[in-house]
Amino acid sequence: MAAFFASMPGAIAQGIIWGIMAMGVYLTYRILDVADLTVDGSFGTGGAVLVICTVSGMNIYLSLLIAFLAGCIAGLVTGIFHTVFGIPAILSGILTQLALYSVNLRILGGKANQTLSVDKYDLMLSLRYIPKSIIVGLIITVIIIVLLYWFFGTEIGHSLRATGSNQNMARANGININVCKVLGLVLSNGIVALSGALLSQYQGFADINMGRGAIVIGLAAVIIGEVIFGKTFKNFALKLFAAVCGGVIYYIVITFVLRLGLNANDLKLFTALVVALFLGVPYWKSKVQSKHIKVKEVKE
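Report on the accompanying structure. The structure displayed is predicted, hence computed values, not measured ones.

1. A short note on the overall build of the protein
Item 1. Broken down by element type, the protein carries 12 helices and 2 strands.
Item 2. Shown N-terminal to C-terminal, the secondary structure of the protein runs as helices and strands in the order α-α-α-α-α-β-α-α-α-α-β-α-α-α.
Item 3. Its C-alpha radius of gyration of 20 Å places the protein within 12% of the 19 Å reference for a compact globule of 300 residues.
Item 4. Evaluated residue by residue, the protein yields a buried proportion of 49% over its 300 residues.

2. A few points about a positive patch on the surface
Item 1. Together, Lys 231, Lys 234, Lys 239 and Lys 285 give the surface a local cluster of positive charge.
Item 2. By secondary structure assignment, the location of Lys 285 is in helix H12 (residues 267–299).
Item 3. Assessed through its relative accessible area of 40%, Lys 285 is described here as partly exposed.

3. Things to note about the packing of aromatic side chains
Item 1. Following the criterion strictly, the structure yields 8 aromatic pairs and no others.
Item 2. Measuring from ring centre to ring centre gives 6.1 Å for Phe 81 and Phe 85, while their planes differ by 65°; the resulting arrangement is edge-to-face.
Item 3. A residue is classified by how much of its surface remains accessible, and Phe 81, at 24% relative accessible area, is partly exposed.
Item 4. Between Phe 151 and Phe 152, the ring centres sit 5.2 Å apart and the planes meet at 85°, which makes this aromatic pair edge-to-face.
Item 5. Here the aromatic residues Trp 18, Phe 43, Tyr 250 and Tyr 251 are joined through ring pairs into a cluster of three or more.
Item 6. Arg 161 extends its terminal NZ or CZ atom over the ring of Phe 236, reaching a point 4.6 Å from the ring centre.

4. A look at the state of the cysteines
Item 1. Inspection of the entire model under this criterion finds 0 disulfides.
Item 2. The thiol of Cys 53 is unpaired, and the distance to the nearest cysteine sulfur, on Cys 72, comes to 14 Å.
Item 3. With relative accessibility at 14%, the residue Cys 53 sits in the buried group.

5. Re unusual backbone geometry
The phi angle of most residues is negative, glycine excepted, and most peptide bonds adopt the trans form.
Item 1. The phi angle at Asp 33 is positive, at roughly 55°, despite the residue not being glycine.
Item 2. Within the secondary structure, Asp 33 is located in the loop between helix H2 (8–31) and helix H3 (39–55).

6. Description of a nonpolar patch on the surface
Item 1. Taken together, the side chains of Leu 76, Ile 80, Val 84 and Phe 85 present a nonpolar region at the surface, about 380 Å² in accessible area.
Item 2. Along the polypeptide, Phe 85 turns up in the loop between helix H4 (60–83) and helix H5 (89–107).

7. Thoughts on the packing of H3 against H4
Item 1. Packing of H3 against H4 leaves a shortest axis separation of 8 Å and a crossing angle of 150°. Considering how the two elements wind past one another, H3 and H4 form a crossing that is right-handed. Together, Ser 42, Thr 45, Gly 46, Val 49, Leu 50, Cys 53 and Thr 54 of H3 and Ile 60, Ser 63, Leu 64, Ile 66, Ala 67, Ala 70 and Ala 74 of H4 make up the contact between the two elements.
Item 2. Looking at the contact of H3 with H4 residue by residue, the classes come out as 9 nonpolar, 5 polar and no charged.

8. Observations concerning the pattern of salt bridges
Item 1. Here the structure, examined in full by the defined rule, presents 2 salt bridges.
Item 2. Between Arg 30 and Glu 226 there is a salt bridge whose closest N-O contact spans 2.7 Å. Here the residue Arg 30 occupies a position in helix H2, and Glu 226 occupies one in helix H10 (residues 214–229), the gap between them amounting to 196 residues.
Item 3. Across the pair Asp 119 and Arg 128 runs a salt bridge, and its minimum N-O distance is 2.6 Å. Take Asp 119 and Arg 128: they sit in the same class, and that class is exposed.

9. Some remarks on H5
Item 1. Along its 19 residues, H5 runs 26 Å from first to last C-alpha, staying within 8% of the 27 Å computed at 1.5 Å per residue.
Item 2. Helix geometry: H5 is bent most strongly at Leu 100, by close to 25°.
Item 3. Of all the positions in H5, only Ala 89, Ser 92, Gly 93, Thr 96, Leu 100 and Asn 104 are classed as buried.
Item 4. On its buried face, H5 sits against H3 and H4.
Item 5. Immediately beyond the C-terminal end of H5, within one or two residues, lies Gly 109, with a positive phi of roughly 75°.

Conventions and cut-offs
- In this convention, every chain numbers its residues from 1, walking through the sequence in written order.
- Local features in this predicted model are restricted to residues of pLDDT 70 or higher, and side-chain atom pairs are both shown and tallied only at a pLDDT of 80 or more, whereas totals for entire chains, interfaces and linings draw on every residue.
- Neither water nor hydrogens contribute to the side-chain values; these are computed over all heavy atoms in the structure.
- Each helix is a run of DSSP H or I of at least 4 residues and each strand a run of E of at least 2, with the numbering of both proceeding from the N terminus.
- The quantity called the radius of gyration is restricted to C-alpha atoms. Its globule counterpart is 2.2 Å times the number of residues to the power 0.38.
- Burial status follows relative accessibility: with a 1.4 Å probe on protein chains alone, a residue under 20% of its type maximum counts as buried, one over 50% as exposed, and anything between as partly exposed.
- Patch members must show over 30% relative accessible area and no salt bridge, and they are joined within 9 Å when carrying like charges or within 5 Å when they are nonpolar side chains of Val, Leu, Ile, Met, Phe, Trp or Tyr.
- Only the protein chains shown count as cover for residues, and all accessible areas are computed by the Shrake-Rupley method using a 1.4 Å probe.
- A pairing counts as a salt bridge when a side-chain nitrogen of Lys or Arg comes within 4 Å of a carboxyl oxygen of Asp or Glu.
- The charge count includes Lys and Arg as positive and Asp and Glu as negative, but it does not include His or the ends of the chains.
- One atom stands in for each charge, and that atom is NZ of Lys, CZ of Arg, CG of Asp or CD of Glu.
- Centres within 6.5 Å make a pair out of two Phe, Tyr or Trp rings, where for Trp the six-membered ring is used; the pair is then stacked when the planes are under 30 degrees apart, edge-to-face when over 60, and tilted otherwise.
- Charge-over-ring placement is defined geometrically: NZ (Lys) or CZ (Arg) within 6 Å of the ring centre, and within 35 degrees of the ring normal.
- Cysteine sulfur atoms that come within 2.5 Å of each other are treated as a disulfide pair.
- Interaxial angles span 0 to 180 degrees and are taken between N-to-C directions of axes, which are lines fitted to C-alpha atoms, for helices over the stretch in contact.
- Throughout, a crossing is termed right-handed when the near helix is turned clockwise from the far one, and left-handed when it is turned anticlockwise from it by less than a right angle.
- Whether two residues are in contact is decided by their heavy atoms, any of which lying within 4.5 Å being enough.
- Gly falls in the polar group here, along with every residue not listed as nonpolar (Ala, Val, Leu, Ile, Met, Phe, Trp, Tyr, Cys, Pro) or charged (Asp, Glu, Lys, Arg).
- The span one expects for a helix is its residue count, reduced by one, times 1.5 Å.
- Axes are fitted to the seven residues ending at a residue and to the seven starting at it; the angle between these axes is taken as the bend at that residue.

See the structure below:
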C-alpha cells in the first residue's frame, strides 16, 4: 500500500493528460453521437509532431499549437471521408487511423520512437517533475473547458449540439449537418492530438504505437465520469470535467491493479472489461428501475 500511495501523484498526472483526450472523445461520442476511431492515430500524431518540432528548435508552445492543428487536419480527413464520400463514420475513422500510422512514421523520420529530454528542452511538464505536471495539466484542462463552454454557447456550437441530438430536425432548421459533423471531428481530434503532445512531453518520447487503444481509454474515462458524477454534474462544463476525473480515476485503478500483481500485458484486456462494466451500469440501472416500477404498479 505504501508503494501504491507513493505512485498516486504519477497516476493523477497521467490521468489528467488522458482526461484531456477524453474531452475530445466526449465531443464526438456524446455531442455529435458519432463513433470516431481516428483517435488512435491522431493521438500519436500530436505526440510525434510536438517532439519533432521541439527537437528542431521550435518553441514548445508553438510546437503544441502545431500538434493541435495536425490533429485538426486528421479530423478533417475523417470528416471528408464521411460527408463527401459517404463512408460510414466508424469506417472513415478506421481509414484515417490506418493512414496516420504511415504518416506518423514519416513524421518521426522513419523511426519507431523519438526521445525528448527535459534536460535539453524547456518542456511544460515532465515525469521528473510530477507536482508541476499536475498543476500545468489542471491549468490546461481549465482553459480547454472554458473555451469549449464558450464555443458551445455560440450559434455554431448550438448547431453542433442540434446535429448530434436530431439530424433531421437540425436539417429542417437550416443547419448544414455535414459542416457541423466535420467541424466536430476537427475540434475533437485537435484536442486529442493536444493530449498526445502533452503525453510525449511527460514521458519524454513519442512512439509510433503510443495511440494504440487510446479510444478505449477515452471511452473508459467518459463512462466512468458519467457513472460516478452524472447525477451531480449537470452543467456542460462540469460534464467535461467529469471526463477528466474519469481519466484520473481510471489510472488510479490501473495503478492499484498493477500493484496487486496484474501482468502489464493484460492491461488492454482489463481496460476493455472496465469499459464494458461501466457501459453496462446504466442499462442495469434502467432495468432495475423499470422492474421496481412494474412491481409497484402491480401492488397498487
